Amino acid sequence: MKARSFLLAIAAAVVLLLTTALGLWWVMAEQSPLKLVGQPLVLPRAARFVPRDASLSLHWLADPVRMPAYAQAVAPVSRRRQARDSTQQLRDGAFALAGLDFVGELADWIGPQVSLSLIAPVSDAPAGWVLALTSLDQDGAKRFLQRFWQTRSLAGTDLQISRYRGIGVISGRGALLGREPQPIATALIDDDLLLIASSRGVLEQSLDVSQLDALHQLGDEALVADLQELGRGAALLTADPVAMARWLGMPRSISDHDDLVGLVAALEPKGTALNLDAVLRFQQPLGSSGNGLTMSRSLMRSAGGSATALAVLSDPAGLLSPQSEDPVAQWLAPVLEETLQTLGTEGASAVVGLNAGPLLWKQGDEGWLLGTSSDQPGLEAVDADLQSKGLVRSALPSEGSALEVWTRLARQRQRGEASLQAQLAVALERESGQDWWGQTLDALTKRQDHSALEPRLDQLEALQDEGVAPLAQQLALATEPSRAQLQKWRPWSLIQSVAGRPLLPAVQELALAAGVDQEEEGVDQVGSNRLRLRAQLRFG
């Protein structure tokens, strides 16, 4: 009996320890900053107060209080403190734009959902913004409002208190200490949803919109369908064409397109990366731009060598065509032309300009390398183009097979004596239905080192959606070209000014993919009116 009682006591102790450990693990998991990611993308309740025709809206669905902790948890050990401080400054700076002190006024009560909408001017009404904050409890928002307006009142602000559609509205002029006072209005919905607007008129417009499903985002079935397709994310962004150009830095070739409806995008932190998955909707079909995807994969498997940039293009000749009305072509053509001019070589221009796709383009220390199918472009067409530019074609014996090379005679002067020397412009290696065009012989030789290209291929792989064909146009950039491109992007300057510090040193890689949406159900690709855009920005 004593032995039995002892065993029962041991079993009870083990069960108690396991239960305690499980409880602690559950509490830690619930409070872990890593729980910020991987959430289904849903419209928050605040979307009822956001007009469908809002110029721009951002619904942040992750707890803003834990954002710095998340950045610290996923950052490399040597950069954890810097990642936390940068994220905290970016968050605090964003709320300061609305005249709010996040740490002093919001941190102890704000909930996990924050929504911002920019309202375009309507008739005589000015443009404005509405910020929606959720409260963790019914007293947090009330305490904030009391302190907020009491502080402004003591500073001399004249308050106007009234009711609109049965909801109490307070308005006046308020700002952070030391800043110029700005008009502001607030309304508390059901004690746990606080609306802060740039003026009483803008706030009343949001309250009007909330009364009819046909006017607000929460009743927008098309938007809900987009969210289901995008899947998961920590934030939802919508923008009309004007906001796409002004606030998101989209090129005019896209934002000024006659039949562009707007953009819906999901943002999702994933480890040290920030992923964007967006849908651009047009009124008219965009046609198909996914030809040659199988061949593109074959080229990627055969490519090699280290690369600072790697691009896979479905139809480069079509992208460069001045007659093309495809918005992707109108977007990428100037970039392609600028790149070709920067390279300053006849060979790349000839192969790219005559190629109906697919095309793999790799840029590395050895120069450029282009991979094509054996019949696109035709060898004779490229040869004719290069010979018209003064290049001479010849065969160069090599191990295994002969190389085709195009050279130009150039005058050299050494030790006071003049001589002629053949300068290589393009080298061509043909194998297994593929043509590989290189700026140098080293570019062709280093192609056999497939492992060196894996960092760029991993970037493109991260943009793929399982079970769906890859998007037609893809680009992966290493650290320096990624930073160079971000420096040209105007919103990046705004983000850095809000953060109060340069963020470029943390940028490691940037990858982009664009093409006609492959996931739209019930619509033939020729008739799709949706353009899909994916991007990943990796930090380190």
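Just so we're clear, the structure is a prediction, and the values are computed from it rather than from any experiment.

### Re the overall build of the protein chain
Then comes step 1: A tally of helices and strands in the protein chain yields 18 helices and 20 strands.
Then comes step 2: Residues classed as buried in the protein chain amount to 47% of the 540 residues present.
Then comes step 3: Looking at the protein chain alone, contacts between residues at least 24 apart form 63% of all its contacts between residues at least 6 apart.

### Things to note about the packing of aromatic side chains
Then comes step 1: Throughout the structure, instances matching the rule amount to five aromatic pairs.
Then comes step 2: Taking 5.3 Å as the distance between ring centres and 35° as the angle between the ring planes, the aromatic pair formed by W109 and F144 counts as tilted. Of this pair, W109 sits in the loop between helix 4 (102-106) and strand 2 (110-119) while F144 is found in helix 5 (residues 140-154), placing the two residues 35 residues apart along the sequence. Across this residue pair, the class does not change: W109 and F144 are buried.
Then comes step 3: What links up through ring pairs into an aromatic cluster is the set W109, F144, F148 and W149.

### A short note on the side chain of R456
Then comes step 1: Locating R456 in the fold gives a position in helix 16 (residues 454-462).
Then comes step 2: Those residues in contact with R456 that lie beyond four places of it in its chain are A307, T308, L310, A476, L477, A478 and E509.

### Comments concerning the nonpolar core
Then comes step 1: One finds M244, L280, W361, L370 and W437 to be the most contacted residues of the largest nonpolar core, which totals 45 residues.
Then comes step 2: Ranked by residues supplied to this core, first place goes to helix 12 (residues 327-343) with five residues.
Then comes step 3: In this structure, V114, L131, A141 and F148 belong to the second largest nonpolar core, which totals 20 residues.

### Focus: the pattern of salt bridges
Then comes step 1: This structure, assessed with the given rule, holds 27 salt bridges.
Then comes step 2: D85 is the salt-bridge partner of R84, the closest N and O atoms lying 3.2 Å from each other.
Then comes step 3: The partly exposed category is assigned to R84, whose relative accessible area is 27%.
Then comes step 4: Judged by its relative accessible area of 24%, D85 is partly exposed.
Then comes step 5: The residue R534 makes a salt bridge to D277 at a minimum N-O spacing of 3.6 Å. With a gap of 257 residues between them, R534 in strand 20 (residues 530-539) and D277 in strand 10 (residues 273-282) connect regions that are remote in the sequence.

### Quick look at the layout of surface pockets
Then comes step 1: Of the volumes computed, that of the second largest pocket is approximately 410 Å³.
Then comes step 2: Of all the secondary-structure elements, those providing two or more residues to the lining of the second largest pocket are helix 7 (221-230), strand 9 (260-270), strand 10 and strand 20.
Then comes step 3: Sorting elements by how many residues they give to the lining of the second largest pocket places strand 20 first, with five residues.
Then comes step 4: Tallied by class, residues from the lining of the second largest pocket come to seven nonpolar, three polar and nine charged.

### What to know about the environment of G367
Then comes step 1: By the element assignment, G367 lies in strand 13 (residues 367-373).
Then comes step 2: With residues up to four places along the chain from it excluded, the contact list for G367 reads K362 and Q439.

### Considering the pairing of strand 13
Then comes step 1: With seven of seven residues buried, strand 13 lies mostly within the body of the structure.
Then comes step 2: As defined by bridge partners, strand 12 (residues 359-364) adjoins strand 13 across six bridges and the pair is classed as antiparallel. Counterpart to L359 in the pairing with strand 13 is T372.
Then comes step 3: Where strand 12 folds back onto strand 13 in an antiparallel hairpin, the turn is made up of two residues.
Then comes step 4: Of the strand pairs in this sheet, strand 13 and strand 17 (residues 434-438) are connected by five bridges, and their pairing is antiparallel. Along strand 17, the bridge assignment pairs L370 with W437.

### Some details on the confidence of the model for the protein chain
Then comes step 1: Counting all residues, the mean pLDDT for the protein chain is 82, and 83% of those residues have values of 70 or more.
Then comes step 2: Every residue in residues 10-32 scores below 50 in pLDDT, and together they form five contacts with partners more than four places removed in sequence or on other chains.
Then comes step 3: In this model, residues 521-525 is a region of pLDDT below 50 whose contacts with residues beyond four sequence positions or in other chains number six contacts.

### Digging into the pairing of strand 11 (residues 309-313)
Then comes step 1: Across the five residues that make up strand 11, a large majority, five, are buried.
Then comes step 2: The alternating pattern of strand 11 places A309, A311 and L313 and L310 and V312 on opposite faces, both of which are buried.
Then comes step 3: Bridge analysis of strand 11 against strand 12 gives five bridges, and the strand direction is antiparallel. Across the sheet, A309 pairs through a bridge with Q363, a residue of strand 12.
Then comes step 4: Judged from the four bridges that link them, strand 11 and strand 18 (residues 473-477) form a sheet pairing that is antiparallel. Looking across to strand 18, one finds that A311 is bridged to L475.

### Overview of helix 16
Then comes step 1: Those residues of helix 16 that sit buried are R456, L457, Q459 and L460. Buried residues of helix 16 fall within an arc of 150° about the axis and therefore sit on the same side.

### A word on the packing of helix 2 (residues 67-74) against helix 3 (residues 80-96)
Then comes step 1: One can describe the packing of helix 2 onto helix 3 by two numbers: an axis separation of 8 Å at closest approach and a directional angle of 155°. With respect to each other, helix 2 and helix 3 are oriented roughly antiparallel. Like other packed secondary-structure pairs, helix 2 and helix 3 cross with a definite hand, here right-handed. Side by side, helix 2 and helix 3 meet where M67, P68, A71, Q72 and A73 of the first sit next to R80, A83, R84, T87, Q88 and R91 of the second.
Then comes step 2: Its residues placed into classes, the contact of helix 2 with helix 3 shows five nonpolar, three polar and three charged.

### Digging into a nonpolar patch on the surface
Then comes step 1: Taken together, the side chains of L396, L424 and L441 make up a nonpolar region of the molecular surface, amounting to roughly 200 Å² of accessible area.
Then comes step 2: Structurally, L424 can be placed in strand 16 (residues 417-431).
Then comes step 3: Taking relative accessible area as the criterion, L424 reaches 33% and is therefore assigned partly exposed.

### Looking at the packing of helix 3 against helix 18 (residues 490-499)
Then comes step 1: Running from amino to carboxyl end, helix 3 crosses helix 18 at an angle of 95°, the nearest separation of the two axes being 7 Å. Considering the angle they form, helix 3 stands roughly perpendicular to helix 18. Side by side, helix 3 and helix 18 meet where Q89, L90, G93 and A94 of the first sit next to I495, V498 and A499 of the second.
Then comes step 2: Partitioned by chemical class, the residues of the contact of helix 3 with helix 18 number five nonpolar, two polar and no charged.

Rules used throughout
Residues numbered from 1 in each chain as written. Predicted model: local features only at pLDDT ≥ 70, side-chain atom pairs only at ≥ 80, totals over all residues. Heavy atoms only, no water. Helix = DSSP H or I, 4+ residues; strand = E, 2+ residues; numbered from the N terminus. Buried < 20%, exposed > 50% of the residue type's maximum accessible area, 1.4 Å probe, protein only. Contact = heavy atoms within 4.5 Å. Phe/Tyr/Trp six-rings, centres within 6.5 Å; stacked < 30°, edge-to-face > 60°. Core = buried A, V, L, I, M, F, W, Y, C linked by side-chain atoms within 4.5 Å. Salt bridge = Lys/Arg side-chain N within 4 Å of Asp/Glu carboxyl O. 1 Å grid on protein atoms, 1.4 Å probe; cavity = no way out; pocket = protein on both sides within 12 Å on 5 of 7 lines; lining within 4 Å. Points joined across faces, edges and corners; volume = space filled by probe spheres on them. Nonpolar A, V, L, I, M, F, W, Y, C, P; charged D, E, K, R; others polar. Pairing = 2+ DSSP bridges. pLDDT = per-residue confidence, 0-100. Arc of directions from axis to C-beta. Axes fitted to C-alpha atoms, helices over the stretch in contact; angles between N-to-C directions. Parallel < 35°, antiparallel > 145°, perpendicular 65-115°, else oblique. Left-handed = near helix turned anticlockwise from the far one by under 90°. Patch = residues over 30% accessible without salt bridge, like charges linked within 9 Å, V, L, I, M, F, W, Y side chains within 5 Å. Areas by Shrake-Rupley, 256 points an atom, 1.4 Å probe, with all protein chains shown as cover.

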